[in-house]
Amino acid sequence: MELLITLVEKGLRGHSPTREEALAVLATSDDDLLDVVAAAGKVRRKWFGRRVKLNYLVNLKSGLCPEDCSYCSQRLGSTADILTYSWLKPHEAAAVAEAGTKGGAKRVCLVASGRGPTDRDVERVASTIEAIKQSSPEVEICACLGLLSPQQAARLRDAGVHAYSHNLNTSEDQYGKICTTHGFADRVETVRRSREAGMSACSGLIAGMGESDADLVDVVFALRDLDVDSVPVNFLIPFPGTPLSRTWELTPQRCLRILAMVRFVCPDVEVRLAGGREIHLRGLQPLALHIVNSIFLGDYLTSEGQPGKADLEMIKDAGFVVEEPGSATLPEHRGGTAPTQPGEHRDAPATEPARTDLVTPRRRGAGTDLAPNA
Ligand code: SF4
């Protein structure tokens, strides 16, 4: 397909497609799906090899938010059956973070519900970072605390925050439909402030909230224009008790096309498969690893993900390797080092340890009194 040849040529040079080309990726048919994934995979491997970065979420403060983001189970008026609690103590957060780093996470993302932190909250987070660094000195810390003042951004950087995460979520045009208590411009401003303070900017989107293809392309181009270093791509988790609880408009194929579009627009940027992957990609999750170079390990803020062990097995089975702590994620020209880390060009070993745990003798159906498996 001519389109894909063009996109790969541009992606390998670190260039973005035009808006029309990005829209055309979203309009490709299921017949072309594997070609789209393969093309995005070439761009992914050029900049990130076969490495997968693992990120681990620690929800420092859950629920009871005064904002009204309609996709969020922690929003004002949410009746979602989620855990609600106030700030974890530093040692409690450090224990959760340590579970993530022991599971292979290279980055720990410290998240708190709310419009934005008070200065006291920022100090709590600084103490939490200190506690985490005692047990995991190499871990990258990302903070995600809402709208920030320039002074708070500077304080977080000084406290050891490597990256600040604040999603744009959807296009500027669509933003007023999903949230009325703050605006798109507020979010853009916080992303800018985090960069200006010297933190790596992490900002992404949520797909499946009633947006058009044009909205998706708009938000991804807005992220590219902000020059963010990582782009988490979430697929709406329609929580009962939230306004979008009955919004279910994604297919696994559409999710892959959205991921591919993001990869082409942001070829040399960390593209992270984020919330909703299990419920929307389902059996196609391993294909997504050919497009993204980063995922969340384990659970999300208020919902459970697949077991961390299953994530690690999926990565290995699909022929990818977990990125090691202390190594760089981004290509050299974006502040990282060249992608020549262990496992980069390594093929899978010819033999595997015996996995007898995967073999289950049949004890149902023909020859038994139990119902067959169908
Ligand atoms: S996304 Fe953040 S600001 Fe919006 S309702 Fe949820 S916790 Fe509050």
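Read on for an overview of the structure. (Residues numbered from 1 in each chain as written. Predicted model: local features only at pLDDT ≥ 70, side-chain atom pairs only at ≥ 80, totals over all residues.)

**A word on the overall build of the protein chain**
Helix and strand counts for the protein chain stand at 13 helices and 10 strands. Rg of the C-alpha trace for the protein chain: 21 Å, near the compact-globule value of 21 Å for 374 residues, within the 12% margin. Looking at the protein chain as a whole, 47% of its 374 residues qualify as buried. For the protein chain, the share of sequence-separated contacts (at least 6 apart) that also reach a separation of at least 24 residues comes to 77%. (Helix = DSSP H or I, 4+ residues; strand = E, 2+ residues; numbered from the N terminus. Rg over C-alpha atoms; globule rule 2.2 N^0.38 Å. Buried ≥ 20, exposed ≤ 12 C-beta atoms within 10 Å, placed from the backbone. Contact = placed C-beta atoms within 7 Å.)

**Some thoughts on the environment of Leu-370**
Along the chain, the position of Leu-370 falls in the segment after strand 10 (321-322). In this structure Leu-370 comes out as exposed when scored by C-beta crowding, with 10 C-beta atoms within 10 Å. With 76 residues separating them along the chain, Leu-370 and Ser-294 place their C-alpha atoms 43 Å apart. Setting aside residues up to four positions removed in sequence, Leu-370 forms contacts with Arg-364 and Gly-365.

**A look at the packing of helix 4 (residues 90-102) against helix 5 (residues 119-135)**
Contact geometry of helix 4 with helix 5 gives a least axis separation of 8 Å together with a crossing angle of 45°. Taken together, the axes of helix 4 and helix 5 lie oblique to each other. Both helix 4 and helix 5 take part in a crossing whose hand is right-handed. Contacts from Pro-90, His-91, Ala-93, Ala-94, Ala-97 and Glu-98 in helix 4 reach Ser-127, Thr-128, Ala-131, Ile-132 and Ser-135 in helix 5. Taken together, the residues of the contact of helix 4 with helix 5 break down into six nonpolar, four polar and one charged. (Axes fitted to C-alpha atoms, helices over the stretch in contact; angles between N-to-C directions. Parallel < 35°, antiparallel > 145°, perpendicular 65-115°, else oblique. Left-handed = near helix turned anticlockwise from the far one by under 90°. Nonpolar A, V, L, I, M, F, W, Y, C, P; charged D, E, K, R; others polar.)

**A word on the site of the ligand**
As a matter of local geometry, the ligand sits amid Cys-65, Glu-67, Cys-69, Cys-72, Gln-74, Arg-75, Ser-113, Arg-115 and Gly-146. For the shell around the ligand, the per-class residue count stands at three nonpolar, three polar and three charged. (Near = placed C-beta within 6 Å.)

Any link to function would need more than the numbers given here.
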